[in-house]
Amino acid sequence: MRAFVVCSEWCDMEGMDFNQIFAIAVFIVAIVTIMSEKIHRTLVAIAGTVILLLAHVLSFDTAISHIDFNTLGVLFGMMLFVAVVRESGLFEFLAVKTAKIAKGDPWKIMVLFVLLTAVLSAVLDNVTTVLLIGPMTMTICKLLKINPIPFFMVEIMASNIGGTATLIGDPPNIMIGSAAGFTFADFIMYDTPVVIVILAVIIGVFYFMYGRKMKVSDEDRERVMNLVEHEQIHDKRLMKQSIVVLALVVVGFMMHGAIGVESSVIAISAAAILLLISGRDITKALVHVEWTTLAFFAGLFIIVGGLAETGTIDAIAQGLIDVTDGNVFLTMIVLLVASAVVSSFLDNIPFVATMIPILLAMEASGMDVTPLWWAVSLGACLGGNGTLIGASANVVLSDISAKNGYTISFIQYLKVGFPIMLLTVAIAGVYLVLRFPPM
């Protein structure tokens with residue numbers, strides 16, 4: 001007890017209270033433990049949550065309030081939806097079709113998957129996209145007898161890059177659009193051009209990393225080319241129903257802001273509608289939901305909530321602004337880099353939520369914050385590629401890979417993802433300098 005009092009007094013002298021120190025310590029230990037991969041990341045997230053609750057850093061109600069149930073709802077709804085769609089054979093059909101278009105060449109298949117992932121991430125959201133792309137990837141890699149990990153790695157990065165392009169591609173963009181009054185067209189005008197450049201550059205990078213090494217035997221290539229894609233369909237009626245509902249999902253995600261319906265409601269509604277009209281067994285579909293992924297996100301939201309509740313994220317955001325002394329150009333560059341690095345390890349949603357009132361206050365004081373909004377948008381979204389926990393899509397796709405027997409380790413991803421994240425942020429920085437030159 002005496003140690004607790006001494007520590008509390010010391011923290012007060014340093015300008016940080018005990019709860020803040022404790023929340024930071026829990027977060028750092030959790031991240032280091034996740035990186036070590038000695039304990040399952042979901043167990044780490046749950047343990048971190050329990051420790052914060054037992055230490056009274058967060059109350060139960062406060063902890064629950066930090067869980068982003070909209071994100072969890074989208075994940076759950078689309079996992080359930082994909083579980084039903086899988087029974088139709090649609091993924092096998094698309095996989096074989098893609099392989100034949102690419103003439104069985106694994107590099108060309110990878111490029112097609114990168115482009116498809118990026119485009120779908122822009123019009124849907126990146127989590128929904130990887131839930132659709134993951135099963136296709138496994139099917140095609142099994143057919144060609146090649147390691148799917150390189151495919152999953154590039155698809156993770158393509159999903160975050162593609163999601164950066166539009167208002168609905170990534171949650172931070174939705175938040176920024178709402179706060180700043182930006183429209184879908186504004187994101188097409190400001191974010192999409194640099195995303196196209198970044199996508200072209202990383203495809204070249206992927207070629208040197210993976211493309212030159214990809215080889216398949218003539219026998220495997222010929223076997224794939226001899227497959228008839230229509231024979232992969234198990235249930236034509238279910239496939240047609242799946243395509244119609246998926247089209248409605250796309251429209252719903254694009255219009256959810258205008259119609260005032262959360263994206264989670266759209267995702268869960270899609271799953272419910274498909275289950276009803278197809279007559280599929282919901283208990284069988286629920287088996288395919290990645291419950292460990294959902295539990296991990298819930299725990300991670302609460303751990304990050306500990307940082308938010310104790311004022312740590314506020315301090316980080318305000319410190320970023322203070323260090324630039326109000327210079328718009330310098331603030332833009334600092335925000336871009338800081339948003340990317342912080343969003344690699346923290347969830348970008350609470351970080352962006354913290355930055356929004358700060359930018360609004362700066363705008364109210366007469367500062368032109370337009371370049372700053374786009375710096376935060378690009379930094380927070382592209383930063384998701386930095387680590388395996390940097391974005392929801394990363395965790396979901398890595399879990400799909402692990403479930404099929406191909407584990408992507410935290411360090412394995414970090415060695416590839418972080419340098420590529422820095423490259424994409426550098427390109428975004430050059431773009432912002434050209435778009436908003438110093439006065």
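Residues numbered from 1 in each chain as written. Predicted model: local features only at pLDDT ≥ 70, side-chain atom pairs only at ≥ 80, totals over all residues. Heavy atoms only, no water.

A. Molecular detail of the packing of helix α6 (residues 90–101) against helix α7 (residues 106–123). Interaxial distance between α6 and α7 falls to 8 Å at its minimum, and their mutual angle equals 125°. With respect to α7, the element α6 is oriented oblique. Every pair of crossing elements has a handedness; the one defined by α6 and α7 is right-handed. Contact with α6, carried on its side by Thr98, Ala99 and Ile101, involves Ile109, Leu112 and Phe113 of α7 and no other residues of that element. Its residues assigned to classes, the contact of α6 with α7 comprises five nonpolar, one polar and no charged. (Axes fitted to C-alpha atoms, helices over the stretch in contact; angles between N-to-C directions. Helix = DSSP H or I, 4+ residues; strand = E, 2+ residues; numbered from the N terminus. Parallel < 35°, antiparallel > 145°, perpendicular 65-115°, else oblique. Left-handed = near helix turned anticlockwise from the far one by under 90°. Contact = heavy atoms within 4.5 Å. Nonpolar A, V, L, I, M, F, W, Y, C, P; charged D, E, K, R; others polar.)

B. Representation of the pattern of salt bridges in the model. In total, this model carries eight salt bridges according to the counting rule given. In this structure, Arg223 engages Asp220 in a salt bridge whose closest nitrogen and oxygen atoms are separated by 3.0 Å. You can see Arg223 and its partner Asp220 sitting in helix α13 (residues 218–225), three residues apart, about one turn around the helix. Residue Arg280 is joined to Asp235 by a salt bridge in which the shortest nitrogen-to-oxygen separation is 2.3 Å. Here Asp235 lies in the loop between α13 and α14 (236–259) and Arg280 lies in the loop between α15 (263–278) and α16 (282–287), a separation of 45 residues in the sequence. Asp235 sits in the partly exposed class, given a relative accessible area of 21%. A single network of salt bridges, built from pairs that share partners, joins Glu87, Asp235 and Arg280. (Salt bridge = Lys/Arg side-chain N within 4 Å of Asp/Glu carboxyl O. Buried < 20%, exposed > 50% of the residue type's maximum accessible area, 1.4 Å probe, protein only.)

C. How the structure looks around the confidence of the model for the protein chain. Mean pLDDT over the protein chain works out to 86, with 95% of the residues at or above the 70 mark. Note on residues 1–13: pLDDT is under 50 here. Beyond four places in sequence and across chains, it has eight contacts. (pLDDT = per-residue confidence, 0-100.)

D. Highlighting the packing of aromatic side chains. According to the stated counting rule, one finds twelve aromatic pairs in the structure shown. Taking the centre distance of 6.3 Å and the plane angle of 80° together, the rings of Phe182 and Phe187 count as edge-to-face. Aromatic side chains Tyr190 and Trp374 sit 4.8 Å apart centroid to centroid with 15° between the ring planes, which places their arrangement in the stacked category. In this pair, Tyr190 is assigned in helix α11 (residues 184–190) and Trp374 in helix α21 (residues 370–382), connecting sequence segments 184 residues apart. The rings of Phe182, Phe187, Tyr190, Trp374 and Phe436 are connected pair by pair, giving a single aromatic cluster. (Phe/Tyr/Trp six-rings, centres within 6.5 Å; stacked < 30°, edge-to-face > 60°.)

E. Seen up close, unusual backbone geometry. At Lys103, a position not held by glycine, the phi torsion is positive, near 60°. As for its placement among the helices and strands, Lys103 is situated in the loop between α6 and α7. The exposed category is assigned to Lys103, whose relative accessible area is 53%. If you check the backbone angles, Lys145 has positive phi at about 55° while not being a glycine. With respect to the helices and strands, Lys145 occurs in the loop between α8 (126–144) and α9 (149–163).

F. Focus on the nonpolar core. By size, the foremost hydrophobic cluster in this structure holds 148 residues, and its most contacted members are Phe81 and Leu432. In contact with Leu432, other than residues within four places in its own chain, are Met332, Leu336, Trp374, Ala375, Leu378 and Pro437. (Core = buried A, V, L, I, M, F, W, Y, C linked by side-chain atoms within 4.5 Å.)

G. Broad picture of a nonpolar patch on the surface. A cluster of nonpolar residues, Val251, Met254, Met255 and Ile259, forms a patch on the protein surface that exposes about 360 Å² of accessible area. Relative to the helices and strands, Val251 resides in helix α14. (Patch = residues over 30% accessible without salt bridge, like charges linked within 9 Å, V, L, I, M, F, W, Y side chains within 5 Å. Areas by Shrake-Rupley, 256 points an atom, 1.4 Å probe, with all protein chains shown as cover.)

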